[in-house]
Amino acid sequence: MSQPDSPPNHPGLADRLANTRRFSETLCQPLSVEDMGLQACPEVSPPRWHLAHTTWFFETFILKPHCPDYHPFDERFEYLFNSYYNGIGAQYPRPRRHLLSRPDTATVYRWRARVDDAMQDLLARDDNPALLALVALGIEHEQQHQELLLTDIKHSFSYNPLWPVYQDREDTDARAAEFAWINHPGGLVEIGARPGDGFHFDNETPRHRQWLEPFALANRPSTCAEYLAFIEDGGYRRPELWLSDGWDWVRQAGAEAPLYWFLDDGAPQYYTLAGRRPIRLNEPVAHLNHYEADAFARWCGKRLPTEAEWEHAANGLPVASGGFVDNRRFHPSVARADAPGTLLQMFGDVWEWTASAYLPYPGFAPEEGAVGEYNGKFMSNQMVLRGGSCASSRDHLRASYRNFFQPHLRWQFSGVRLAQSMEAPRGPSPTAIA
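Trainee: I'm lost on unusual backbone geometry in this one. Help?
Mentor: In terms of backbone geometry, most residues other than glycine have negative phi values and most peptide bonds are trans. With an omega of 0 degrees, the peptide bond between arginine 102 and proline 103 qualifies as cis. Along the chain, the position of proline 103 falls in the loop between helix 3 (77–80) and helix 4 (105–125). Omega for the peptide link from threonine 205 to proline 206 comes to -10 degrees, which places this bond in the cis form. Its place among the elements puts proline 206 in the loop between strand 2 (187–191) and strand 3 (208–212). At tyrosine 260, a residue that is not glycine, the phi angle is positive and equals roughly 80 degrees. Relative to the assigned elements, tyrosine 260 resides in the loop between helix 7 (244–253) and strand 5 (261–262). Under the relative-accessibility criterion, tyrosine 260 is labelled buried at 7%. The phi angle at asparagine 381 is positive, at roughly 60 degrees, despite the residue not being glycine. The topology assignment puts asparagine 381 in the loop between strand 8 (351–357) and strand 9 (383–386). By relative accessible area, asparagine 381 is classed as exposed at 67%.

Trainee: Explain helix 2 (residues 47–66) here, please?
Mentor: Every α-helical turn comprises 3.6 residues, leaving residues that sit three or four positions apart pointing alike. Given a rise of 1.5 Å per residue, 20 residues ought to cover 28 Å, and the 28 Å separating the end C-alpha atoms of helix 2 matches this to within 8%. Of all the bends in helix 2, the greatest, near 35 degrees, is centred on glutamate 59. With respect to burial, helix 2 is a largely interior element, 17 of its 20 residues being buried.

Trainee: What is the right way to look at the pairing of strand 7 (residues 275–278) in this model?
Mentor: Where a strand is regular, its side chains alternate between the two sheet faces. Looking at chain direction, strand 6 (residues 269–272) and strand 7 are connected through four bridges and run antiparallel. Across the sheet, the residue bridging to tyrosine 271 is arginine 276, located in strand 7.

Trainee: Looking at this structure, I do not really get the sheet that holds strand 7. What am I missing?
Mentor: Paired through their backbone hydrogen bonds, the strands of a sheet run either parallel or antiparallel. Reading across the sheet, the three strands line up as 5-6-7 and stay open at both edges, with antiparallel pairing between neighbours. Of all strands in the sheet, those bounded by a partner on one side alone are strand 5 and strand 7. Both strand 5 and strand 6 contribute to a ladder of two bridges, which runs antiparallel. Across the sheet, tryptophan 261 pairs through a bridge with tyrosine 270, a residue of strand 6.

Trainee: What is the right way to read the packing of aromatic side chains from this model?
Mentor: This structure, assessed with the given rule, holds 36 aromatic pairs. An angle of 55 degrees between the planes, with centres 4.8 Å apart, marks the rings of phenylalanine 77 and tryptophan 111 as tilted. Linking phenylalanine 77 in helix 3 with tryptophan 111 in helix 4, this pair joins segments that are 34 residues apart in sequence. Each of the two residues, phenylalanine 77 as well as tryptophan 111, counts as buried. Here tyrosine 84 and tyrosine 85 contribute two aromatic rings whose centre-to-centre distance is 4.7 Å and whose plane-to-plane angle is 25 degrees, an arrangement assigned as stacked. Since its relative accessible area comes to 0%, tyrosine 85 is described here as buried. Following the ring pairs from residue to residue traces out a cluster consisting of Trp56, Phe57, Phe58, Phe61, Tyr84, Tyr85, Tyr358, Phe378 and Phe404. It is arginine 276 that lies over the ring of phenylalanine 262; its NZ or CZ is 3.8 Å from the centre.

About the criteria used
The numbers attached to residues start from 1 for each chain and follow its sequence in the written order. For this predicted model, a pLDDT threshold of at least 70 governs which residues receive local features, and a threshold of 80 or more governs which side-chain atom pairs are given and counted, while totals over whole chains, interfaces and linings are taken from all residues. Each side-chain value is derived from all of the structure's non-hydrogen atoms; neither hydrogens nor water enter the calculation. Strands here are runs of E lasting at least two residues and helices are runs of H or I lasting at least four, both read from the DSSP assignment and numbered beginning at the N terminus. Throughout, exposure labels follow a simple rule: accessible area from a 1.4 Å probe, protein chains only, divided by the maximum for the residue type, with under 20% read as buried, over 50% as exposed, and the rest as partly exposed. What a helix is expected to span follows from its residue count: subtract one and scale by 1.5 Å. Fitting axes to the seven residues that end at a residue and to the seven that start at it, the angle between those axes gives the bend at that residue. Should DSSP find at least two bridges between two strands, the strands are taken to pair. Any pair of Phe, Tyr and Trp rings, taking the six-membered ring for Trp, is counted once the centres come within 6.5 Å. Such a pair is stacked with planes under 30 degrees apart, edge-to-face with planes over 60 apart, and tilted for the rest. To sit over a ring, a charge needs its Lys NZ or Arg CZ within 6 Å of the ring centre and within 35 degrees of the ring normal.

Okay, here's the thing in structure tokens:
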């Protein structure tokens with residue numbers, strides 16, 4: 001659950017709720033009715049399901065318990081659109097969500113409108129801090145599903161040989177910033193959400209001290225050109241570069257390149273939400289899983305940063321400096337070359353894999369009740385990503401934000417930022433290696 005240090009601003013919260021709910025529907029405007037039910041694999045969900053589940057969240061956790069006169073739109077939806085909250089009850093099987101042609105899209109939109117009206121009425125008459133904290137959590141939850149909606153529809157579209165265009169965009173031939181290392185002295189640092197800094201999820205707490213040895217981070221995420229050099233040097237054929245589980249994944253999946261890449265037909269291409277296009281070599285490489293990011297780092301003679309290193313380096317940096325869903329480009333942008341000596345794109349563009357397993361911080365305790373299932377029960381068999389992506393909302397991110405994903409999955413916009421220990425000998429940069 002969220003841990004607001006003081007009640008969210010009440011009038012501003014109502015406006016932010018309305019804007020967030022509206023933006024989810026805006027993201028669905030380029031989609032056809034047929035698109036709204038697509039589910040390419042069990043781990044993704046149809047767009048219509050995302051619209052319904054986020055509505056379920058507000059109805060289940062807020063309207064039902066706080067509005068005695070509220071009547072659910074359809075009692076059966078509690079089962080259909082419960083994702084994983086066992087404290088609420090049973091859930092419709094996730095792999096079968098594509099079979100739910102009913103309720104149809106028009107019905108889901110009517111349900112959303114009814115819930116939105118009820119939520120605004122509730123906020124107009126009730127400013128209980130516990131209620132406002134739940135509303136803030138619901139907003140952040142919907143922003144997470146906005147990103148999932150985009151990554152899931154991209155994955156589903158990618159199976160169509162017509163290469164559907166979700167939205168066209170313009171690309172440039174901008175060059176990436178020159179590769180450089182940014183040094184950090186380490187020492188005893190504090191990690192986690194700061195008291196008084198506003199909304200955060202419970203997995204970002206408690207704030208605690210951690211010792212860091214001196215380290216360095218790359219000034220920008222690694223690019224498509226650098227990753228292509230890894231591929232051309234036999235990266236997917238060299239078991240010595242891979243974790244044991246990663247090498248098993250390579251062999252089982254027959255992986256030869258990042259997800260959505262095509263290297264066997266002339267110039268390298270990839271599938272994007274703007275259709276199939278030539279790879280822009282100066283862009284951050286995206287759609288890597290943890291195994292690929294780790295193998296690439298080893299090929300470079302470097303490593304992935306720990307999440308504590310990443311957060312310590314990101315503290316104090318402006319979130320507004322990257323590419324987010326707000327600009328509606330839906331694709332990573334080239335790191336600008338006019339800011340030498342600084343960390344670039346720490347927020348937005350691509351999620352950055354870390355070497356850290358998703359585990360509780362010392363003293364962590366989940367909230368009681370079903371909402372407490374939001375984060376804590378997933379602290380096993382997951383790896384941490386940091387920083388956000390081109391499908392993340394700018395106001396959803398912060399330095400302490402912990403994303404997590406299973407190490408073999410890669411349809412999120414996830415890339416890699418290299419790290420090295422200061423005691424390690426300095427090798428050539430990936431650009432030089434390429």
